[in-house]
Each structure stands twice: as structure tokens, then as C-alpha cells.
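# Architecture at a glance
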Amino acid sequence: MTNEGVRYFKNIREAILTTAKGMKITLKYWVKEPAITIEYPDRLGKGRTAEDLVSERYRGFLKLDPSKCIGCLQCMRACPIDCILIKVEKIGEERYLTRFDVDQSKCMYCGLCVEVCPTGAITFSKRFEGACYDIGELCIKHLQEPVSVARPKAKKKEE
Ligand code: SF4
Ligand code: SF4
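Residues numbered from 1 in each chain as written. Chains lettered and ligands numbered in written order. Predicted model: local features only at pLDDT ≥ 70, side-chain atom pairs only at ≥ 80, totals over all residues. Heavy atoms only, no water.

## Some details on the side chain of Gln104
Among the secondary structure elements, Gln104 is positioned in the loop between β3 (94-103) and α3 (112-116). Ignoring any residue separated from it by four or fewer positions in sequence, one finds Gln104 in contact with Phe61, Leu62, Tyr109, Leu138 and Ile140. (Helix = DSSP H or I, 4+ residues; strand = E, 2+ residues; numbered from the N terminus. Contact = heavy atoms within 4.5 Å.)

## Brief notes about the site of ligand 1
Neighbouring residues of ligand 1: 13 residues in total, closest Cys79, Cys107, Cys110, Gly111 and Cys113. For the shell around ligand 1, a count of residues per class yields 12 nonpolar, 1 polar and no charged. (Near = heavy atom within 4 Å. Nonpolar A, V, L, I, M, F, W, Y, C, P; charged D, E, K, R; others polar.)

## Concerning the pattern of salt bridges
Any two side chains of opposite charge can pair, given that their charged atoms come close. Following the criterion strictly, the structure yields 5 salt bridges and no others. We note a salt bridge from Arg151 to Glu94, for which the minimum N-O separation is 3.0 Å. One end of the pair, Arg151, is in the segment after β6 (147-148); the other, Glu94, is in strand β3, and 57 residues separate them in sequence. Residue Arg151 is classed as exposed on the basis of its relative accessible area, which comes to 67%. (Salt bridge = Lys/Arg side-chain N within 4 Å of Asp/Glu carboxyl O. Buried < 20%, exposed > 50% of the residue type's maximum accessible area, 1.4 Å probe, protein only.)

## Quick notes on the pairing of strand β2 (residues 84-91)
Strand direction decides the pairing type here: β2 and β3, joined by 8 bridges, are antiparallel. Paired with Val88 across the bridge in β3 is Leu97. The antiparallel pairing of β2 with β3 creates a hairpin that spans 2 residues between the two strands, and Gly92 there sits at a positive phi of about 65°. (Pairing = 2+ DSSP bridges.)

Put into C-alpha cells, the structure is as follows:
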């Protein structure tokens, strides 16, 4: 047999062996190992939500706890791309948060707003599903009505 003939059959043998090797690994994961991937969003598993899939420290959409917000505007000033718009107004003797919008379509999830907040009022949620037909839907309005601004807690006296 010529050298070319030998090489031809060698190549066929190699192709069969490497295919078998690949199939062995595929079969192992198919039969033995638990599934690593999930058919999202159709088969999350009973009682599981999309949020359950991500880690504890995941940076998803921002969320606001208005009961903790003291209206200091630090998060708005810290944001390098002006995603946050807050309005604080005086109604009678009280200060009210009348607007707290976060434009998630611009947000780069840097966390500067979260870090700077002195009360933990703004934090990351695990929400990551942002697909929509109108980009305006990603500007999240966190307040539906004016909310009384929380009073900052008095600092403990140094002993
Ligand atoms: S995470 Fe960063 S980009 Fe997004 S709103 Fe906060 S400061 Fe702005
Ligand atoms: S969310 Fe935090 S940083 Fe932003 S205005 Fe409220 S208290 Fe200040």
C-alpha cells in the first residue's frame, strides 16, 4: 500500500476514535451527571423563579426601600451617567420624596449609588429580566405617590 493509502486509513481511524471519545463524554453527562444548564425560562423547576438562579451578590435592577430613604440625593450625585432622578419637596412642615426614578436602560451596575447610600435604602435586586418592546419601560418609577422622607437616625454619642 502506498504512503497516501496508509495516511487515508489512519485518518479514518483517528476520526472514529475522536468521535467515540466525544460521544463517551456526552453520554456520561447525559446519563450520570445532573444537568448543568437549564431550559430557561420554560423549565426552571417547580416553585423556582428566575431570581433563584442567580447568586446572592448578583447585581440586578436597583430596588428602593422608601422607608429608609432620607432624601440626601447622594446616590443621584454619585451616578456617573445620570440614571437616577430624585425630587424632594416640602409639603407643609414635612419633606417628601415625590419622585425616585432609575433608568435601568442606562445603568452599568457599577454600584456607586449603593455604596454611597448612608442608610441602605438603595440596593441591588436579583431581577435581570429586562427585555421589552419600549425602552421607556426600563425607566423604573419607584414611587407611585409622595412618601415622607425618613429622618436620619441620631448618631450614638461617643463615650
Ligand atoms: S449602579 Fe452605577 S450606573 Fe447604575 S444607577 Fe447606580 S451609580 Fe448609576
Ligand atoms: S437612596 Fe440613599 S443615597 Fe439615595 S437619596 Fe435615599 S438615602 Fe440618600
